[in-house]
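Next come the chains, spelled out residue by residue.
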Amino acid sequence: MGSLLEKYGWYEWLCHTNFSFLIGASHPHSYLERAVNFAYSGLAVTDYDGVYGLARAHRNLQKLRKDGFGEDLRLFYGGELHLEQDHEVPLLYQNTLAMIPHSHKGYTNLCRIFSYAHREGKTNAYVPLDDLLGFDVSDLSMIQPMRGLMRRTDVAGSELSRQYEQLFEHFGGRMFFALSRHLNPSEDLWIDTALEYARRLEAKILMSQDAYFHAPSEKDLSDLVQAIRTNLTMEEAVPHMFVNAERCLHSLEGLERRYSPYPFFEEALRNSRELAESIDFDFRELRYEYPKEMIPEGHTALSYLSELTWQEAGKRYGSPLPGSIAATLHRELELIETLGFADYFLTVWDIVRWAREKEILCQGRGSAANSAVCFVLGITAVDPALFDLLFERFVSV
């Protein structure tokens with residue numbers, strides 16, 4: 001293995017799993033296991049138009065680490081976005097870009113963009129360039145694959161240059177061109193084109209295998225997937241297939257042989273490591289964030305839930321409260337505080353209140369009926385004073 005890869009490591013920035021439905025041919029764990037076996041420094045999952053495969057990839061890596069593997073592999077959480085509804089044309093011509101978040105804020109921005117991409121439905125998600133330019137992309141880096149408009153003869157060079165210029169400016173210079181060598185003249189001739197656009201913009205370059213399957217052995221499956229997606233026979237779907245089995249993860253030795261002849265080899269490796277070092281985000285940071293709009297100023301979720309509970313209990317039972325009811329409410333509120341569930345109860349209460357205002361029939365069901373708090377808040381209709389119910393069953397204690 002060459003010294004430059006030993007010095008900088010290899011970070012793979014474009015991987016499409018089978019969560020890119022009928023596009024990628026390999027599971028997230030297959031990519032991760034191969035990356036670990038090849039001693040990669042990092043790997044990004046960039047499925048199309050969503051973050052579908054990221055949670056699975058995160059769990060797969062956690063399991064690998066639990067089994068004693070993958071401690072040195074970093075996982076980066078990204079996605080690839082369509083800028084047009086051109087999903088029916090071959091993948092190599094689709095107008096897309098990939099984005100990688102640097103932080104929790106960047107991931108939030110990524111999710112907002114993908115949510116908007118699906119505004120018209122589940123399929124054929126896209127965000128027009130003009131709309132994307134209106135989104136907050138702070139803490140996001142953009143990667144332009146060596147695909148898309150640069151390969152299309154129906155797009156003028158000036159139009160493409162303008163798109164890249166707008167993206168470069170919008171992402172605050174955090175735009176990278178990914179150069180990929182796939183050992184086929186029809187593919188590799190685009191290296192010079194991509195490099196030219198990068199130099200013209202003074203954008204940084206990376207190297208990527210732009211993988212759609214984890215190993216060469218999966219090429220046949222990839223071909224079959226493209227035929228199914230396009231509803232064509234295998235023969236008819238050839239234009240949608242990749243020309244060879246190179247769009248997968250290769251060994252460091254193979255990557256050294258493949259890219260070291262290029263003068264940009266060290267520059268791209270250095271840029272790749274710098275990008276990786278600038279990213280400080282992991283799925284372990286994510287926690288569900290409940291809405292806060294219903295909580296008055298000066299209250300915490302727990303204090304407001306307590307106030308509502310005692311207020312509504314007084315309306316139902318009168319004052320003073322029956323001793324057994326007061327004791328039950330005290331016990332439930334203490335357990336809700338211990339478990340940190342106050343936001344959850346307030347959110348459900350707010351939903352039920354809104355539904356009742358709109359005269360929409362709704363009712364808490366199942367073990368929610370075990371809760372005196374749910375009853376006094378109007379979420380359920382079962383009076384716990386009439387039954388010996390176990391609140392702990394509702395909160396799974």
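One can find the structure itself at the top, above this paragraph.
Because the structure is a prediction, the values reported are computed rather than measured.

Parameters and conventions
- Residues numbered from 1 in each chain as written.
- Predicted model: local features only at pLDDT ≥ 70, side-chain atom pairs only at ≥ 80, totals over all residues.
- Heavy atoms only, no water.
- Axes fitted to C-alpha atoms, helices over the stretch in contact; angles between N-to-C directions.
- Helix = DSSP H or I, 4+ residues; strand = E, 2+ residues; numbered from the N terminus.
- Parallel < 35°, antiparallel > 145°, perpendicular 65-115°, else oblique.
- Left-handed = near helix turned anticlockwise from the far one by under 90°.
- Contact = heavy atoms within 4.5 Å.
- Salt bridge = Lys/Arg side-chain N within 4 Å of Asp/Glu carboxyl O.
- Buried < 20%, exposed > 50% of the residue type's maximum accessible area, 1.4 Å probe, protein only.
- Pairing = 2+ DSSP bridges.
- Core = buried A, V, L, I, M, F, W, Y, C linked by side-chain atoms within 4.5 Å.
- Right-handed = clockwise from strand over helix to strand, strands pointing away.
- Expected span 1.5 Å × (residues − 1).
- Phe/Tyr/Trp six-rings, centres within 6.5 Å; stacked < 30°, edge-to-face > 60°.
- Lys NZ or Arg CZ within 6 Å of the ring centre and 35° of its normal.

S.K.: I tried to follow the packing of helix H12 (residues 301-317) against helix H14 (residues 342-357) on my own but got confused; where do I start?
M.R.: Helix-helix packing is characterised by the crossing angle of the two axes and by the distance between the axes. As a packed pair, H12 and H14 sit with axes 8 Å apart at the nearest point and diverge in direction by 50 degrees. Between H12 and H14, the interaxial angle falls into the category oblique. With respect to the hand of their crossing, H12 and H14 are arranged in left-handed fashion. Residues Ala301, Leu302, Tyr304, Leu305 and Leu308 of H12 lie in contact with H14, whose contacting residues are Ala342, Asp343, Phe345, Leu346 and Trp349.

S.K.: Teacher, can you tell me more about the pattern of salt bridges here?
M.R.: Opposite charge on two side chains permits them to pair, given that their charged atoms come into close proximity. By the definition in use, this model includes 21 salt bridges. Of the charged contacts, one joins Lys7 and Glu266 as a salt bridge, the two residues approaching to 3.8 Å between their closest N and O atoms. Residue Lys7 is located in helix H1 (residues 3-8), and its partner Glu266 is located in helix H11 (residues 265-277); the two are separated by 259 residues in the primary sequence. Its relative accessible area of 30% is what places Glu266 among the partly exposed residues. For Arg147, the salt bridge is made with Glu80, and the minimal N-O distance between the two is 2.9 Å. Residue Arg147 is found in the loop between strand E6 (140-144) and helix H6 (157-170), and its partner Glu80 is found in strand E4 (residues 79-82); the two are separated by 67 residues along the sequence. In terms of burial, Arg147 and Glu80 fall into one category: buried. One network of salt bridges, with partners in common, ties together Glu80, Arg147, Arg151, Glu187, Asp210 and Arg247.

S.K.: I tried to follow the sheet that holds strand E3 (residues 74-77) on my own but got confused; where do I start?
M.R.: For sheets, the rule is that strands pair by backbone hydrogen bonds, running either parallel or antiparallel. Reading across the sheet, the 3 strands line up as E1-E2-E3 and stay open at both edges, with parallel pairing between neighbours. Edge positions in the sheet fall to strand E1 (11-12) and E3, since each has one partner strand and no second. Relative to E3, strand E2 (residues 42-45) runs parallel, the two sharing 4 bridges. Pairing of Gly42 across the sheet is with Arg74, part of E3.

S.K.: Any chance you could explain the sheet that holds strand E7 (residues 175-179) here in plain terms?
M.R.: Taken together, 5 strands build an open sheet; the order of strands is E4-E5-E6-E7-E8 and the sheet is mixed. Of all the strands in the sheet, the pair left with one neighbour each is E4 and strand E8 (204-207). Averaged over all adjacent pairs, the angle separating strand axes in this sheet is 35 degrees, with direction ignored. Packed on one face of the sheet, helix H8 (residues 190-201) meets E7 and E8 and runs near 160 degrees to E7.

S.K.: Would you take a moment to explain the nonpolar core for this structure?
M.R.: Side chains of a nonpolar character, in soluble globular proteins, are inclined to be buried together. In this structure, Trp10, Leu43, Leu81 and Phe177 are the most contacted members of the largest nonpolar core, which totals 65 residues. With 7 residues, H8 is the single largest residue contributor to this core. Counting residues in each nonpolar core, the second largest holds 23 residues, with Ile325, Trp349, Val373 and Leu377 among its members.

S.K.: Where do I start with the pairing of E6 in this structure?
M.R.: A regular strand carries its side chains on alternate faces of the sheet. Burial within E6 is extensive, with 5 of its 5 residues counted as buried. Handedness of the β-α-β unit built from E6, H6 and E7 comes out right-handed.

S.K.: It is not clear to me how H12 should be interpreted in this structure. Could you clarify?
M.R.: Since the α-helix turns once every 3.6 residues, residues separated by three or four places project in the same direction. Taking 1.5 Å per residue as the helical rise, H12 with its 17 residues ought to reach 24 Å, and the 24 Å between its terminal C-alpha atoms agrees with that figure. Considered for burial, the residues of H12 that qualify are Ala301, Tyr304, Leu305, Ser306, Leu308, Thr309 and Ala313. The inward-facing, buried residues of H12 abut helix H13 (323-339), H14 and helix H15 (372-376). One or two steps after H12, the chain reaches Gly318, where phi turns positive at roughly 80 degrees.

S.K.: Any chance you could explain helix H3 (residues 54-66) here in plain terms?
M.R.: Here H3 contains 13 residues, and its C-alpha end-to-end distance of 18 Å stays within 8% of the 18 Å for a straight helix at 1.5 Å per residue. Just beyond H3, the residue with positive phi is Gly68, at close to 95 degrees.

S.K.: What's the story with the packing of aromatic side chains in this structure? I'm lost.
M.R.: Each aromatic ring pair is characterised by the separation of its centres together with the angle its planes make. Here the structure, examined in full by the defined rule, presents 21 aromatic pairs. A ring pair is formed by Tyr288 and Tyr290, whose centres lie 4.5 Å apart and whose planes are at 75 degrees; its orientation type is edge-to-face. Taking relative accessible area as the criterion, Tyr288 reaches 62% and is therefore assigned exposed. Note on Tyr344 and Phe345: the rings are 5.8 Å apart at their centroids and 85 degrees apart in plane angle, and the pair reads as edge-to-face. Owing to a relative accessible area of 35%, Tyr344 belongs among the partly exposed residues under this scheme. By relative accessible area, Phe345 is classed as buried at 1%. One aromatic cluster in this structure is built from Tyr77, Tyr107, Phe281 and Phe283. Directly above the ring of Phe375 sits Arg316, whose terminal nitrogen or CZ lies 4.3 Å from the centroid.

Note that every value here comes from positions in space, so none of it alone points to a role or purpose.
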